[in-house]
Amino acid sequence: MKKTVFCLLVALISAPALGDPKGKPDDRNDHLFDNSNAQVYGKKMSEWSAEWWQYILSTPQNPNPLFDTTGGYCTIVQHGPVWFLEGAIRGAGNIIRQCSIPEGKALFFPLLNLVDVNVASQPVSELRAEIAGCLDAATDLSLVVDGQPMPPKLLKRSRVRSVPFAVVLPPDGVPTDPPTPPGIYSPAVDDGYYVMLNPLPVGTHTLRFTGASPGCDYPPTQFHLEPFSVDVTYQLTVVPVSLH
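A brief report on the enclosed structure follows. (Residues numbered from 1 in each chain as written. Predicted model: local features only at pLDDT ≥ 70, side-chain atom pairs only at ≥ 80, totals over all residues. Heavy atoms only, no water.)

The next point concerns the state of the cysteines. Here the structure, examined in full by the defined rule, presents two disulfides. Between the sulfur atoms of Cys74 and its disulfide partner Cys99 the distance amounts to 1.9 Å. Where Cys74 bonds to Cys99 through sulfur, the torsion about that S-S bond is close to 90 degrees, and the disulfide is right-handed. Of this pair, Cys74 sits in the loop between helix H1 (45-57) and strand E4 (82-84) while Cys99 is found in strand E6 (residues 94-102), placing the two residues 25 residues apart along the sequence. Cys99 shares its class with Cys74; the two are buried. Bonded cysteines in the protein are paired 1-2, 3-4 when counted in the order they occur along the chain. (Disulfide = S-S within 2.5 Å. Helix = DSSP H or I, 4+ residues; strand = E, 2+ residues; numbered from the N terminus. Buried < 20%, exposed > 50% of the residue type's maximum accessible area, 1.4 Å probe, protein only.)

A word on the layout of surface pockets. In this structure, the second largest pocket spans a volume of roughly 180 Å³. What lines the second largest pocket is Trp48, Glu51, Gln54, Tyr55, Ser58, Val77, Gln78, His79, Gly80, Pro81, Val82 and Phe84. Listed by contribution, the elements that provide at least two residues to the lining of the second largest pocket are H1 and E4. Per-class residue counts for the lining of the second largest pocket are six nonpolar, five polar and one charged. (1 Å grid on protein atoms, 1.4 Å probe; cavity = no way out; pocket = protein on both sides within 12 Å on 5 of 7 lines; lining within 4 Å. Points joined across faces, edges and corners; volume = space filled by probe spheres on them. Nonpolar A, V, L, I, M, F, W, Y, C, P; charged D, E, K, R; others polar.)

This is the structure in structure tokens:
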């Protein structure tokens, strides 16, 4: 069966909270917001995860920030109160990025995620079933900022299943196996571990994240995905902004 599946890991952990995103902080960590049902910055986590993939998949490979190994593309097409950060494509190995972001921006990103895109005639339920096993078996999730690790039990609570969405695949976009022609595809669904963090304070921050999946199989459609793992470091500089 022809498949379009993308997988990557990315993670981040915040410093002390700033701003008012009009969501409810997770009761076990002031830096995270509850993934269950809260609207944060006007959207549920399941909507933010869909938008994250639309951002990634609609951007050509050059300058797609997912393929950037230095951080030079981290500001591409970023706007609004929430900015997205990326991990790496499967098999990319260790990556170190240097990136400057304006103050006052919340950061939304996956710890570990997969998207399954219909390119034939698959319903949402089948797409979800194909990739669920890879997230069920997620291991080695870790988040560290400036030497401080996030509790693993908190990471396990951050799973999000996106709302169904459509994607636009441009020419020279994220490669697929087998190759998928440019166009508009639907439905697409995401499954992953996501976090929304309050804005980081002005200054520099070193962020490292790791994670892995043993892969997964879904026999009814002969779906198979090999194991994947990521080790990424962000060296972030939060730049002050003056609006007066």
